Amino acid sequence: MPQERSEILTGLKTTTYDVIVIGGGITGAGIAHEAALQGLSVLLLEKKDFSWGTSSRSSKLVHGGLRYLEQMYFHLVFEALHERTTLFDIAPVDPLPFLFPTYKKDRVPFWFLEMGMFLYDALALFRAPKLHRFRWKKGTLGIAPRLNPNELVSSSEYFDGRTDDSRLVLETLRAARNRGAHALNYAKVSGFGKTGDEIRVVEIKDTLTGKEYEAHGRVIINAAGPWLEEVIHSFDKAHPRVIRASKGVHLFVAAKPGDSKDAVVISDSRSKRILFYVPWKPGVNLLGTTDTDYKGDYNAVYADSSDVDYVLDNYEHYFPGSIDRSEILSTNAGLRPLIFSEGKDERTTSREHRIIVHDPFNLVSIGGGKLTTYRVMAKQALDAALTVLKKRGTCPALMPGDRKEKLVTREEIHGTMALSKPATEFIVGHMGYTDIALRVNDIALRDRALAKHVGTDVRIPRALIRYFVEEEQAMRLDDIMDRRLRLSLTEADGGMRTARAIAAEMAKLLGWNALRTAKEIREYQTEADMNRRSIRSK
């Protein structure tokens, strides 16, 4: 067990936290960071791995929400565009050009789209990396030569952001921990202890060991995403419905020569929805997403054949003959925790968030929202929790926090590198930013044996696995393969050969025996197969 995790669990008996956060997705991570910035003691609890749920299964976009203009959600777009600008500066988010093609029979003509683009620029206060640009057919095909030329009129090119959603969560948590926050994954909330009506104790089950603990807090914030109601109903069974779970499926395909370097907006004229083609990781493109009501098991969400057909059918309209089902590397599926609204369907349900103060339970819930506005949601949720504390006269003194604290740096690598060139290029190119490579390099400099790669995969040094385990609490093979390396999405077989070598390395660090190591490999293989099942079935 990593030392930090062991110390947190041991210290629960003698610690009372100002804030306990339930949920280790982007909203929970943002709340933990915001609380730590203000000098509060905070504990975050996640029942699986950090970002395991919605926050590792998004469209990987940081954007204003162009389609919300048509629905007249101007305030939501303005807020998201403001946050987009900030995240470009402080977070692992890169500007990415988007191409929005228009065809003769499109529901939205090119001149109307241009009006929307001007409004999009204006709501961003003209602070996009570049302002939008109109292109006629020839210019459009120059950027996206595979695009269907039949009845193509023009396109609008604009900028939004691209990210690795899991990495954004992990870096936000790292910043929170650097400010003193505590975070535990595989710590399931199993119940609550009350003083009168007030919840003061959170009962925790360590799902890795089966041991049970209690955490004491002055106020609790429920940021459990799709599981928000499950938490609420554990202390208030009569509470009305809050969440509408919408399933979103993404396909990951190998990039080809001639693919557009711009992301491309794909309009589904039947459902009036928007899908995206996104160049995501080096050599890997993302296609998606779907938006359908979901009533199944929230802990086992997978793409089915109809989801894959829907995405491919829409992609085929824009890029005819460009991709065959057999070329899909993987899929993933997640749930959007939309706020339930009577009479609305999944497309028209607002992406705004909602905060609920549960009187007299000493607990605040937050649901809905979108990845881009997680900092706004975090601040508002924490403000609501602090209001609860002030009413009870237990609010501690706050510190002014730097809300634009940089989560990552983008400087070039200088100095001695113990890591090989393939490892450095992979960490910088595939995972993102140079400071991650520098953190791993520091480990390798202290022990040169850790600069060697695991198994036969020259991209992945042993030091990187140690970093994931000791600094990011990677406790299971799936934690590394799926949410840290993302090889489950970017390798045709889920990276099974590399997975076996990584499992062997994790076994040394975490004390696994042969049976446990084999179990980790087997369970990861099963999960990787489930994410490819819909590709094979037809």
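Residues numbered from 1 in each chain as written. Predicted model: local features only at pLDDT ≥ 70, side-chain atom pairs only at ≥ 80, totals over all residues. Heavy atoms only, no water.

J.: Teacher, can you tell me more about the pattern of salt bridges here?
T.: Close approach of charged atoms allows side chains of opposite charge to pair. The tally for this structure, following the rule as stated, stands at 42 salt bridges. Put simply, Glu157 and Arg135 hold a salt bridge, and the shortest N to O gap is 2.8 Å. Note that Glu157 is positioned in strand E6 (residues 152-163) and Arg135 in strand E5 (residues 133-136), a separation of 22 residues in sequence. Of the charged contacts in the structure, one is a salt bridge between Arg146 and Asp259, with a shortest N-O distance of 3.1 Å. Here the residue Arg146 occupies a position in the loop between helix H5 (137-143) and E6, and Asp259 occupies one in the loop between strand E11 (243-254) and strand E12 (263-268), the gap between them amounting to 113 residues. One salt-bridge network, in which partners are shared between bridges, spans Asp49, Arg167, Glu171, Asp435, Arg439, Glu472, Asp478, Asp479, Asp482, Arg483 and Arg484. (Salt bridge = Lys/Arg side-chain N within 4 Å of Asp/Glu carboxyl O. Helix = DSSP H or I, 4+ residues; strand = E, 2+ residues; numbered from the N terminus.)

J.: Looking at this structure, I do not really get the side chain of Glu171. What am I missing?
T.: On the secondary structure map, Glu171 appears in helix H6 (residues 165-178). Apart from residues lying up to four places away in sequence, Glu171 is in contact with Pro92, Leu407, Val408, Ile436, Arg439 and Glu472. (Contact = heavy atoms within 4.5 Å.)

J.: Even after reading the chapter, I still don't get unusual backbone geometry, so can you show me in this structure?
T.: Across the chain, the bulk of peptide bonds are trans and the bulk of non-glycine residues have phi less than zero. The step from Gly288 to Thr289 runs through a cis peptide bond, and the omega angle for that step is 20°. Here Thr289 lies in the loop between strand E14 (284-288) and strand E15 (292-293). Cis geometry is adopted by the peptide bond preceding Pro360, which originates at Asp359 and carries an omega value of 5°. Following the sequence through the fold, Pro360 ends up in the loop between strand E17 (353-358) and strand E18 (363-368). One non-glycine residue with positive phi stands out, namely Glu151, at about 65°. As for its position among the elements, Glu151 is in the loop between H5 and E6.

J.: How do you make sense of helix H2 (residues 26-37) when you look at a structure like this?
T.: Every α-helical turn comprises 3.6 residues, leaving residues that sit three or four positions apart pointing alike. For H2, built from twelve residues, the straight-helix expectation of 16 Å at 1.5 Å per residue is met to within 8% by its first-to-last C-alpha distance of 16 Å. With twelve of twelve residues buried, H2 lies mostly within the body of the structure. Of all the positions in H2, only Ile26, Thr27, Gly28, Ala29, Gly30, Ile31, Ala32, His33, Glu34, Ala35, Ala36 and Leu37 are classed as buried. In this fold, the buried residues of H2 make contact with strand E1 (16-22), strand E2 (42-45), H6, strand E10 (212-222), E18 and helix H9 (374-391). At the C-terminal side of H2, Gly39 shows a positive phi close to 80°. (Expected span 1.5 Å × (residues − 1). Buried < 20%, exposed > 50% of the residue type's maximum accessible area, 1.4 Å probe, protein only.)

J.: Help me understand helix H10 (residues 421-431), please; the structure alone is not making it clear to me.
T.: Of all the residues in H10, the buried ones are Ala423, Thr424, Phe426, Ile427, His430 and Met431. Those residues of H10 hidden inside the fold are in contact with H6, helix H11 (434-446), helix H12 (462-472), helix H13 (477-484) and helix H14 (487-490). A distance of 3.2 Å separates the backbone nitrogen of Ala423 from a side-chain oxygen at the start of H10, and that oxygen is part of Ser420. Where H10 ends, the next residue or the one after it, Gly432, has phi of about 120°, a positive value. (Polar contact = N/O pair within 3.5 Å; in protein donor to acceptor, adjacent residues only side chain to side chain.)

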